[in-house]
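Here is how the chains run, residue by residue.
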Amino acid sequence: MSKQTKPVLHGYFRSSCSWRVRIAFALKGIEYDQVPVNLIKDGGQQLTEHYKTLNPMQQVPAVEIDGITLSQSLAVIQYIDETRPGFRLLPADPQKRAQVRMISDLIASGIQPLQNLYVIQKIGAEKMQWAQHFINRGFQALEPILKQTAGDYCVGDEISMADICLVPQVYNAERFKVDVGLYPTIRRLNETLLQIEAFKASHPSCQPDTPADLRA
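A short tour of the structure in this document, coming up. (Residues numbered from 1 in each chain as written. Predicted model: local features only at pLDDT ≥ 70, side-chain atom pairs only at ≥ 80, totals over all residues. Heavy atoms only, no water.)

**With respect to the state of the cysteines**
Going through the model one piece at a time under the given rule, you end up with zero disulfides. For the unlinked cysteine C17, the closest cysteine sulfur is that of C165, found at 8.5 Å. Unpaired in this structure, C206 has its nearest cysteine sulfur neighbour in C17, at a distance of 18 Å. Overall, C206 belongs to the partly exposed group, its relative accessible area being 36%. (Disulfide = S-S within 2.5 Å. Buried < 20%, exposed > 50% of the residue type's maximum accessible area, 1.4 Å probe, protein only.)

What follows is the structure, encoded as structure tokens:
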């Protein structure tokens, strides 16, 4: 297994799944290259036959690393945590690790897919109400869980994969005009995490493919 070349992230600046991977790379101190995949331009560059060879689901991200290509953000995060030294993205304690995975899956499986670009494009005129409904439904479940598990961060006082999933989802919630103030624990954690350099550097407002009018 070669680790001599830098990983390559094929992603989109505003994709929450791509952002998760950028945060993870930043927390682990891993240098990587980015290849933008514009989900809007030319009808969606993720729909090309070339990109389909990288990710058969024709979604972002796709990550080329150690001679393989991984195409699900949580798989990428756990792979780099298991193969790279330094900052742990999953706790050593089995119970805390299970809580991190529970929160991550709640967001990555129970909220984000219902308001991603492909689904929203199919919904049409009702997309705002649709997204708000499913984000609120998810946050109504997530808030009491985080009240039980959170310390400084989602699970205790160490940053984990759960935090990596939370921040992009709150960004999406704000884009769809969800009142995050209804969820004080989620809001507090998000505000805390956005002060951390790894979350700032990976933010959609400062990526190579961020449009000029959306740059911070």
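**Looking at the pairing of strand β3 (residues 62-65)**
The sheet contact formed by strand β1 (residues 8-11) and β3 spans three bridges and is antiparallel. Residue pairing for β3: H10 is matched across the bridge by A62. By the bridge criterion, three bridges tie β3 to strand β4 (residues 68-70) in an arrangement that is antiparallel. Residue pairing in the sheet places E64 in a bridge with T69 of β4. Hairpin connection from β3 to β4: two residues lie between these consecutive antiparallel strands, with D66 at a positive phi of about 55°. (Pairing = 2+ DSSP bridges. Helix = DSSP H or I, 4+ residues; strand = E, 2+ residues; numbered from the N terminus.)

**Describing the packing of aromatic side chains**
For the coordinates displayed, the defined rule picks out five aromatic pairs. On the basis of an interplanar angle of 55° and a centroid distance of 4.7 Å, the ring pair of W130 and F134 is categorised as tilted. Of this pair, W130 and F134 both sit in helix α6 (residues 127-149), four residues apart, which is roughly one turn of that helix. Residue placement shows R175 over the ring face of F176; its charged tip is 5.5 Å from the ring centre. (Phe/Tyr/Trp six-rings, centres within 6.5 Å; stacked < 30°, edge-to-face > 60°. Lys NZ or Arg CZ within 6 Å of the ring centre and 35° of its normal.)

**Considering the sheet that holds β1**
On the basis of which strands lie adjacent, the open sheet formed by four strands has the order β2-β1-β3-β4 and mixed pairing. Two strands lie at the open edges of the sheet, namely β2 (33-36) and β4, each paired on one side alone. Taking the axes of each pair of neighbouring strands and ignoring which way they run, one obtains an average angle of 20° across the sheet. The strands touched by helix α1 (residues 16-28) within the sheet are β1, β2 and β3, with β1 carrying the most contacts at an inclination of about 155°. Set on the sheet, helix α3 (residues 73-83) makes contact with β3 and β4; between it and β4 the angle comes to about 130°. (Axes fitted to C-alpha atoms, helices over the stretch in contact; angles between N-to-C directions. Contact = heavy atoms within 4.5 Å.)

**Focus: the packing of helix α4 (residues 94-110) against helix α7 (residues 161-175)**
In helix packing, the relevant descriptors are the interaxial angle and the interaxial distance, both defined with respect to the helix axes. Contact pair α4 / α7: the axes reach a minimum separation of 8 Å and the direction vectors enclose 25°. One element, α4, and the other, α7, form an angle in the roughly parallel class. Viewed along their axes, α4 and α7 form a crossing whose handedness is left-handed. Between α4, through V100, R101, I103, S104 and I107, and α7, the contact on the second element is made entirely by M161, A162, C165, L166 and Q169. Of the residues assigned to the contact of α4 with α7, the class counts are seven nonpolar, two polar and one charged. (Parallel < 35°, antiparallel > 145°, perpendicular 65-115°, else oblique. Left-handed = near helix turned anticlockwise from the far one by under 90°. Nonpolar A, V, L, I, M, F, W, Y, C, P; charged D, E, K, R; others polar.)

**A word on the packing of α6 against α7**
Axis separation between α6 and α7 bottoms out at 12 Å; the angle between their running directions is 140°. With respect to their mutual orientation, α6 and α7 come out oblique. Where α6 crosses over α7, the handedness of that crossing is left-handed. Mapping the contact onto sequence places I135, F139, L142 and L146 in α6 and L166, Q169, V170, N172 and A173 in α7. Class assignment for the residues of the contact of α6 with α7 results in seven nonpolar, two polar and no charged.

**Quick word on the environment of N172**
Structurally, N172 can be placed in helix α7. For N172 and N38, which are 134 residues apart along the polypeptide, the C-alpha to C-alpha distance reads 18 Å. Not counting chain neighbours up to four residues away, the residues in contact with N172 comprise S16, Q115 and I135.

**What to know about the side chain of Q115**
By the element assignment, Q115 lies in the loop between α4 and α5 (117-123). At 3.0 Å, the side chain of Q115 forms a polar contact with the side chain of Q169. Aside from chain neighbours lying at most four places away, what touches Q115 is I120, A131, I135, Q169, N172 and F176. (Polar contact = N/O pair within 3.5 Å; in protein donor to acceptor, adjacent residues only side chain to side chain.)

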